[in-house]
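Observations on the model geometry
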Amino acid sequence: MAEMLLLGLILGISLFGLLAAYLLARWVLRRDTGTKEMRKISDAIKAGAEAFLRRQFKTIIILAAVFALILFVGYGFLRSHRGFDPVSTSVGLALWITVSFVLGALCSLIAGYIGMWVSIRANIRTAAGVKRSVNDGLQVALRGGAVSGLMVVAMSLLGVGGLFALVNFLTDVDPTKIPFLIVGYGFGASFVALFAQLGGGIYTKAADVGADLVGKVEAGIPEDDPRNPAVIADLVGDNVGDCAGRGADLFESTAAENIGAMILGAAMAAAIPGVSPLFVLGVMMFPLIARAFGIIASLIGVLAVRVNGDEDPMRSLNRGYYIAAVLSMVGFGFATWWLLNPANAPAAWWHFFLAGVIGILTSIAFVFITEYYTEYRFRPTRSIAEASQTGAATNIIAGVAVGLESTALPVIAISIAILAAYYLGASSGLEHGGLFGTAVATMGMLATAAYILAMDTFGPIADNAGGIIEMSKQPKAVREKADRLDAVGNTTKALTKGYAVGSAALAAFLLFSAYLDEVRNYGLNLAAVDIAKPAVFVGALLGGALVFLFSALAIRAVGKAAYYVINDVRAQFKEKPGILKGTQQPDYGRCVDIVTKGALKEMIAPGLLAVLAPVAVGVIFRLLGVGAETVAAMLMVGTIVGILMALFLNNGGGAWDNAKKYIETGKLGGKGSATHKAAVVGDTVGDPFKDTAGPSLHVLIKLLATITLVLAPLFI
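Residues numbered from 1 in each chain as written. Predicted model: local features only at pLDDT ≥ 70, side-chain atom pairs only at ≥ 80, totals over all residues. Heavy atoms only, no water.

1. Points about the overall build of the protein
A count of helices and strands for the protein gives 22 helices and zero strands. Since a compact globule built from 716 residues should have a radius of gyration of about 27 Å, the 25 Å found for the protein is in line with a globular shape. Taking the principal axes of its C-alpha atoms as reference, the protein extends roughly 80 × 55 × 45 Å. Among the 716 residues that make up the protein, the fraction classed as buried is 65%. The contacts in the protein between residues at least 6 apart in sequence include a share of 85% that link residues at least 24 apart. (Helix = DSSP H or I, 4+ residues; strand = E, 2+ residues; numbered from the N terminus. Rg over C-alpha atoms; globule rule 2.2 N^0.38 Å. Buried < 20%, exposed > 50% of the residue type's maximum accessible area, 1.4 Å probe, protein only. Contact = heavy atoms within 4.5 Å.)

Right, dumping it as structure tokens:
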């Protein structure tokens, strides 16, 4: 009965989240769609975004189908059955892992697509709302973004909870072993997220770089000027990169962390003497219950957002975030008291509650740290703007320095969070409570994931709305209101990247611990990783090198795809001299098609490198008898290097972008000055950092963990 109550609550709140997303989408779609000129621009953005996603998803589905077949053959026929396997046959193990992989991939695709589908329809309605007031525009953009946030978290929860219920109903597998059968769900989500983020990131930055260099620098025309042939491709890129890509990223975050925490929870609960199977199940279900309460908290936070008078829109968004965070703490308190309260350790629940609070506070700390390093109100970004006065070279030197400096405070915050959560768990009176404490902190950091993703998707919706207003030549007063929302959107996108890498860092420790637990479950007592062994040391080196090589391929891909865009824009200016005079129309569709082909072609190499490298290391070093340990070293060092590199790329790129925007406010010479041109060059360098390689590294970090979780038995 209690088991049905837990699963019913999880699945019920998941369905409630999907219903809330549907109702918000209906609310957005009923809003005014503005003038005929505005709709014409919006329709072009919509057509370009949907054409790109159709091609991209076709490519991803083919790659995922091939990998699903490899998984099934590898587990079902190449690996022999072992006595400690959760099910009685190799084919049975292969079937469940493959099914969970396919479901994870499909759910991730669906969640990303629906979020983007709404965002490319919310942009025109946000533009029309801004004509009335800043509050109207902000509410449409945030609620359009919330559709994506709620869809992602609810579908992730529904997938993990539904798979658990399905395995529990159809088999007689011990419930504590079920997470090992459904780890493929997180891997499928990671697989899709990597290619979605890579492809979208390459597209958006190739179009942005091409539009800026030829439009702003060479032709001297403003951003979002309708005379620029790449302007529609640039606006399309905001959606496919920041909406579909980030949606897939946070989908796999919540899916992978849920399963990893369930594995650690099962290990901790099973080690407690004399507890009932019901308590063990409750501990395993705790991550899902906590995530479910987070959906409700995030929805209330979104609905509470309103701009009061001339208030800064960012203040109203922050207010909604704090409401969601406080309600998440309340939900955590109830869930820990209810499910983490064994008779032999009556004080355990509040230890874990505090660990969850630490996770929530860490997410807030990451938001503030990211804001400090990327907002032009503060010293780091202004130092880059000031350096631009002496040219592009000093701008780039200052930007690299800010990016490198920005890694220190986040690492200190994550270190404090991991240590505090670990020792709170360890002092709870439960064996293995320390590791589960870090898992609970990760759950806390991801508690407001739906609200954070709503703020992230708000960014491209507001950006598109500003572009539509600019291109349709709306009055100056309307453009100024749109610029206020666009500036806030740039901030929310930067904050979300900081949040994403922070959650990836906390989750990495959780998933690494889950990997060691899984290896022990499959019969290898790997208590620690001995880096003094030559083979294990080599695995660690390869993990660090993988991050650098992956980043290089992602950044180079933007350069190659941008090359196609730049050449096309220049060619159109020559073919139709009347474009710059306003007497001829650019061919927007041709540019969209060129950048689509370029982005999809360039995403394959870095994506396959990330997937195949850990597999190759595990299989090759298995021949030396240290496959599982070598992969653990690769995972550990790759994660550490990946976190630092992602922080450098995200914050450095964001600071370059806002240094340019600071100058565009009229400071240090303003638009068109030599200082501004130097800042545009720096922003162009930072674009692939912050919107392609950096966000893709968040996914790489978690992909390394999920692929090793799925393939661990093949490395032993």
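Moving on from the model shown.
2. What about the packing of aromatic side chains?
Here the structure, examined in full by the defined rule, presents 25 aromatic pairs. When the centroid spacing of 6.3 Å and the interplanar angle of 35° are considered together, the rings of Phe67 and Phe101 count as tilted. Here the residue Phe67 occupies a position in helix α2 (residues 36-78), and Phe101 occupies one in helix α3 (residues 90-132), the gap between them amounting to 34 residues. Taken individually, Phe67 and Phe101 each receive the classification buried, so the pair is uniform in this respect. (Phe/Tyr/Trp six-rings, centres within 6.5 Å; stacked < 30°, edge-to-face > 60°.)

3. Here we look at the nonpolar core
With 252 residues, the main nonpolar core has Met285, Phe436 and Tyr515 as its most contacted residues. What Phe436 contacts, discounting residues up to four positions off in sequence, is Ala261, Leu264, Gly265, Met268, Val283, Phe286, Leu340 and Phe352. (Core = buried A, V, L, I, M, F, W, Y, C linked by side-chain atoms within 4.5 Å.)

4. So, helix α11 (residues 379-387)
Every buried residue of α11 is listed here: Pro380, Thr381, Ile384, Ala385 and Ala387. End-on view of α11: buried residues confined to an arc of 165°, all on one side of the axis. (Arc of directions from axis to C-beta.)

5. As for the packing of helix α9 (residues 313-339) against helix α10 (residues 348-374)
Between α9 and α10, whose axes approach to 8 Å, the crossing angle comes to 160°. Taken as axis vectors, α9 and α10 run roughly antiparallel relative to one another. Here the hand of the crossing between α9 and α10 comes out right-handed. Contacts from Tyr321, Tyr322, Ala325, Ser328, Met329, Phe332, Gly333, Thr336 and Trp337 in α9 reach Trp349, Phe352, Phe353, Gly356, Val357, Ile360, Leu361, Ser363, Ile364, Val367 and Phe368 in α10. Here the contact of α9 with α10 is composed, by residue class, of 15 nonpolar, five polar and no charged. (Axes fitted to C-alpha atoms, helices over the stretch in contact; angles between N-to-C directions. Parallel < 35°, antiparallel > 145°, perpendicular 65-115°, else oblique. Left-handed = near helix turned anticlockwise from the far one by under 90°. Nonpolar A, V, L, I, M, F, W, Y, C, P; charged D, E, K, R; others polar.)

6. Focus: the environment of Arg54
Relative to the helices and strands, Arg54 is located in helix α2. Between the alpha carbons of Arg54 and Tyr113 there is a distance of 9.5 Å; along the sequence they are 59 residues apart.

7. Topic: the side chain of Gln139
Relative to the elements of secondary structure, Gln139 occurs in helix α4 (residues 134-170). Since its relative accessible area comes to 9%, Gln139 is described here as buried. Polar side-chain contacts of Gln139 include one of 3.0 Å to the backbone oxygen of Val305. Beyond its immediate stretch of four places on either side in the chain, Gln139 contacts Trp27, Val305 and Arg306. (Polar contact = N/O pair within 3.5 Å; in protein donor to acceptor, adjacent residues only side chain to side chain.)

8. Notes on the pattern of salt bridges
A full pass over the atoms with the stated rule returns 19 salt bridges. Taking the shortest distance from any N to any O, the salt bridge between Arg121 and Glu50 comes out at 3.1 Å. In this pair, Arg121 is assigned in helix α3 and Glu50 in helix α2, connecting sequence segments 71 residues apart. For Glu50, a relative accessible area of 14% translates into the label buried. Here Asp687 and Lys690 are joined by a salt bridge, their closest N and O atoms 3.6 Å apart. Here Lys690 and Asp687 lie together in helix α22 (residues 674-715), a separation of three residues that amounts to about one turn. The class of Asp687 is buried, set by a relative accessible area of 1%. For Lys690, a relative accessible area of 8% gives the class buried. Three or more residues joined by partner-sharing salt bridges are found here, namely Asp657, Lys660, Lys661, Asp683, Asp687, Lys690 and Asp691. (Salt bridge = Lys/Arg side-chain N within 4 Å of Asp/Glu carboxyl O.)

9. Side note on the packing of α11 against helix α21 (residues 627-664)
Running from N to C, α11 and α21 cross one another at 65°; their axes reach a closest spacing of 8 Å. At the point where α11 passes α21, the crossing takes the right-handed sense. Contacts between α11 and α21 involve Thr381, Arg382, Ile384 and Ala385 on the former and, on the latter, Ala655, Trp656, Asn658, Ala659, Tyr662 and Ile663.

10. What about the environment of Ala504?
Following the sequence through the fold, Ala504 ends up in helix α16 (residues 476-521). You can call Ala504 buried: its relative accessible area is 0%. When near neighbours in sequence (up to four residues on either side) are disregarded, Ala504 contacts His698, Ile701 and Lys702.

11. Section: unusual backbone geometry
Although it is not a glycine, Leu668 adopts a positive phi angle of roughly 55°. Note on placement: Leu668 falls in the loop between α21 and α22.

Any functional reading would require information beyond the geometric quantities listed.
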